[in-house]
Amino acid sequence: MARKLAVIGAGLMGSGIAQVSAQAGWEVTLRDVTDAALTRGTDGIRRSYDKFVSKGKLSAEDAGAALARITPTTDLDAVADADLVVEAVFEKLDVKHEIFRTLDGIVKDTAVLASNTSAIPITKIAAATAHPERVVGTHFFSPVPMMALCELVRGYKTSDETLARAREFAESVGKTCVVVNRDVAGFVTTRLITALVVEAAKLQESGVATAEDIDIACKLGFGHAMGPLATADLTGVDILLHAADNIYTESQDEKFAAPESMRRMVDAGDIGRKSGQGFYKH
């Protein structure tokens, strides 16, 4: 398998995917719309490599070589020779449609087009292309260098070969894969965490228990590494609310109907660690 990867979006997820792929020997084209976004992304990758070096988990030589395998660009045409493209942009269908429609006319016929979406059905994303059989979901987890899971999602028309190549890629960068065979909104992992966060937020909103006690209950009672409300703060309350809304719109299942308190938090900008305040103060 050739090892040319393109990553669309140099944010937290895109830069993380680029980082682990370059470290595994892939030649990576990292594309974003502005030089500033690319600089933030590559600076983050460099800092992460430096941490691994300082902890003795990566040699300075290997870190330097991996960094040299990443080529940042604002030119979408630069991804034309990629064997596999991973899209990691904002979770809005119209944004993804525009990217996949454009990619469909740029990449070679044998290229696999993957999306890192956590909640939007792959079939909907693939509908923007003339070759939906080569579109697949590769849902990585944050922070990508530390999290061992990749959720592979088969769209309605995803071919067996496309799924196999996506698995080969994910495993080559050190991930363990689970396969979602039916393309439901939220897949497996996002549905589970969203249902848990929504219920936890409802319990907190109604005064049944504090955020701290709800999280302790999940950690000590269920063996979770982190409670649902702490997870929401880490991921971003806004991101989980957006996921809940996507899944509820698709499924009309009441367990994904987020409480008003979550909406008010997002309205107020209290979206978790990145703002300094969420369910907890950071």
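In short, a report on the structure. The model shown is predicted, which means the values in this text are computed figures rather than measured ones.

### Things to note about unusual backbone geometry
Moving on, step 1. Look at the link from serine 142 to proline 143: it is a cis peptide, with omega at -5°.
Moving on, step 2. Here proline 143 shows up in the loop between β6 (135-140) and β7 (149-154).
Moving on, step 3. In the Ramachandran plot, phenylalanine 187 falls in the positive-phi region, its phi being about 55° despite a non-glycine side chain.
Moving on, step 4. Relative to the helices and strands, phenylalanine 187 resides in the loop between β8 (176-180) and α7 (189-205).
Moving on, step 5. By relative accessible area, phenylalanine 187 is classed as buried at 3%.
Moving on, step 6. With a phi close to 55°, glutamine 252 is a non-glycine residue in the positive phi region.
Moving on, step 7. Along the chain, the position of glutamine 252 falls in the loop between α10 (237-251) and α11 (260-268).

### As for a positive patch on the surface
Moving on, step 1. Judged by side-chain charge, Arg47, Lys51, Lys55 and Lys57 come together as a positively charged surface patch.
Moving on, step 2. Given a relative accessible area of 58%, lysine 57 falls into the exposed group.

### Considering the layout of surface pockets
Moving on, step 1. Roughly 1600 Å³ of volume is contained in the largest pocket.
Moving on, step 2. Along its surface, the largest pocket is lined by 44 residues, and Met13, Ser142, Leu234, Thr235 and Ile239 are the ones closest to its centre.
Moving on, step 3. Counting only elements with at least two residues in the lining of the largest pocket, the list comes to α1 (12-23), β6, α7, α9 (228-235) and α10.
Moving on, step 4. The element contributing the most residues to the lining of the largest pocket is α10, with 8 residues.
Moving on, step 5. For the lining of the largest pocket, a count of residues per class yields 22 nonpolar, 14 polar and 8 charged.
Moving on, step 6. The volume enclosed by the second largest pocket comes to roughly 580 Å³.
Moving on, step 7. In this structure, the second largest pocket is lined by 22 residues; those nearest its centre are Leu12, Ser15, Gln19, Gly44 and Ser48.
Moving on, step 8. A total of 9 residues in the lining of the second largest pocket trace back to one element, the largest contributor, which is helix α2 (residues 35-54).
Moving on, step 9. The residue inventory of the lining of the second largest pocket, partitioned by class, reads 9 nonpolar, 7 polar and 6 charged.

Cut-offs applied
Residues numbered from 1 in each chain as written. Predicted model: local features only at pLDDT ≥ 70, side-chain atom pairs only at ≥ 80, totals over all residues. Heavy atoms only, no water. Helix = DSSP H or I, 4+ residues; strand = E, 2+ residues; numbered from the N terminus. Buried < 20%, exposed > 50% of the residue type's maximum accessible area, 1.4 Å probe, protein only. Patch = residues over 30% accessible without salt bridge, like charges linked within 9 Å, V, L, I, M, F, W, Y side chains within 5 Å. Areas by Shrake-Rupley, 256 points an atom, 1.4 Å probe, with all protein chains shown as cover. Salt bridge = Lys/Arg side-chain N within 4 Å of Asp/Glu carboxyl O. Lys, Arg positive; Asp, Glu negative; His and termini not counted. Charge placed at Lys NZ, Arg CZ, Asp CG, Glu CD. 1 Å grid on protein atoms, 1.4 Å probe; cavity = no way out; pocket = protein on both sides within 12 Å on 5 of 7 lines; lining within 4 Å. Points joined across faces, edges and corners; volume = space filled by probe spheres on them. Nonpolar A, V, L, I, M, F, W, Y, C, P; charged D, E, K, R; others polar.

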